[in-house]
Amino acid sequence: MTDFWLISVPLDKTSLTSVEKLKRTIAKTNLASSCCKFSIPDLKVGVLDSLLSVSDDLSKLDTLTESCVIWIHNLCFFLSLSVDLMNFMIKFQWDKAKYPTSLPLSSLAEIINKEVSLVEAELKSRSAAYNSVKASLQNLEHKLDGNLQTCSLNDVMRKEDLVVSEYLTTLLVVVARGSYSQWERSYESLSKFVVPRSSRKLYENGEGGVFSVTLFKRAVCEFKAKAQESKFFVRDYSFDLEEQKQREITQLSFHKKEQYGIFVRWLKVNFSEVFVAWIHLKALRVFVESVLRYGLPVNYQALLLQTDRKHSKKLKEELASLFVHLDPTASITDVRSHMEQKSYMIPNIFYK
């Protein structure tokens, strides 16, 4: 699994020599597949004391933005959308029109915060709308494909199976498979207004069967009550009702497809937008931490490392060894810990 690491080194002679050593080591050992410059413009530092506060704010914003990026990416993955932003990472250029470098760091952070917040709010709304349509369709389909009490009978019912007149009506009764004999013996006695020998099995599955029975309309309530006592279930059915359900399925299927198309287009556009904002935020963090770490005037170089996660431990050890001079009083372990805290890892979200 591929990770991207952002690190920064001061532009002193020793550090630049270490960078060259790092590149040679990478070429020989494949600890990273690439190591290239990551261009960050000269930003407005402002009051040095305020950088600590800005650093904390950027850290919190980074966590929120990353969660939004991963949320959208996971949806893209689930919907089988291919999104590849590899080239953007490698060829990153600061968008000065969107994030003017003349603004204070806190203002740039606020721009990103508003942008991500709007995307996240719209994502929740669009996701809820799509899931609502999807759930409604699944619920209706489940009912029509479900048990004998709700499943569709359109494929087995014929107009002549239902007697509908001024005085007579036909009911459909669900009978458990083990109760067929009981039904045949008792259905005529459930009401004196049942038409004798009117019951016929229309459909069955492993659960049981659906039987028709004809009776006078005035006895429907009495028959339903007596049937329930005998553990027979009278289900509602009419051709009009079934046709209405089929129309609902057709409409919901069309609406789902329509919503899916709109949602997919929105995800593609906004994943790119929020990802770009996130990488600008990473660049902001590298700039702020570099100033806090190396001081003024601003004099550092950001590097982008592309590495396989299985090489992470060895790469951290190599970085700690090469740049131990940045903190001569610290042990290798201390420097390694610092590298882990200050190298900004960008998880692999490019590949399926």
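Preceding this section is the structure that the text describes.
The paragraphs below set out a description of the structure included in this document. (Residues numbered from 1 in each chain as written. Predicted model: local features only at pLDDT ≥ 70, side-chain atom pairs only at ≥ 80, totals over all residues. Heavy atoms only, no water.)

1. Comments concerning the overall build of the protein chain
In terms of regular secondary structure, the protein chain is built from nine helices and eight strands. The C-alpha radius of gyration of the protein chain comes to 34 Å, more than 25% above the 20 Å expected for a compact globule of 352 residues. Seen through its C-alpha atoms, the protein chain measures out along the principal axes to roughly 105 × 40 × 30 Å. Per-residue burial for the protein chain yields a buried fraction of 43% across its 352 residues. In the protein chain, the share of contacts with a sequence separation of at least 24, taken over all contacts with a separation of at least 6, comes to 81%. A total accessible area of about 19100 Å² is found for the protein chain, and carbon and sulfur atoms account for 52% of it. Considering the protein chain, the positive charge centre built from 47 side chains and the negative charge centre built from 41 side chains are found 3 Å apart. (Helix = DSSP H or I, 4+ residues; strand = E, 2+ residues; numbered from the N terminus. Rg over C-alpha atoms; globule rule 2.2 N^0.38 Å. Buried < 20%, exposed > 50% of the residue type's maximum accessible area, 1.4 Å probe, protein only. Contact = heavy atoms within 4.5 Å. Areas by Shrake-Rupley, 256 points an atom, 1.4 Å probe, with all protein chains shown as cover. Lys, Arg positive; Asp, Glu negative; His and termini not counted. Charge placed at Lys NZ, Arg CZ, Asp CG, Glu CD.)

2. Side note on the environment of Thr169
When you line up the elements, Thr169 lands in strand β3 (residues 168-176). Distance in space between the C-alpha atoms of Thr169 and Thr25 is 87 Å, their sequence separation being 144 residues. If near-sequence neighbours (up to four positions away) are discounted, Thr169 is found in contact with Val163, Val213, Thr214, Leu215, Lys217 and Val220.

3. Considerations on the sheet that holds strand β4 (residues 200-204)
The strand order β4-β5-β3-β6 describes an open sheet built from four strands, whose pairing is antiparallel. Strand pairing shows two members of the sheet lacking a second neighbour, β4 and β6 (233-235), which therefore form its edges. Across the sheet, the mean angle separating the axes of adjacent strands is 35 degrees when strand polarity is ignored. Direction of pairing for β3 relative to strand β5 (residues 208-216): antiparallel, over a ladder of nine bridges. Residue pairing across strands places Leu172 opposite Ser212, the latter belonging to β5. (Pairing = 2+ DSSP bridges. Axes fitted to C-alpha atoms, helices over the stretch in contact; angles between N-to-C directions.)

4. Description of the environment of Asn270
Mapped onto the fold, Asn270 is located in helix α7 (residues 239-294). Given a relative accessible area of 12%, Asn270 falls into the buried group. For Asn270 and Phe88, which are 182 residues apart along the polypeptide, the C-alpha to C-alpha distance reads 15 Å. Sequence-distant contacts of Asn270, that is, excluding residues within four places in its chain, are made with Ile72 and Val119.

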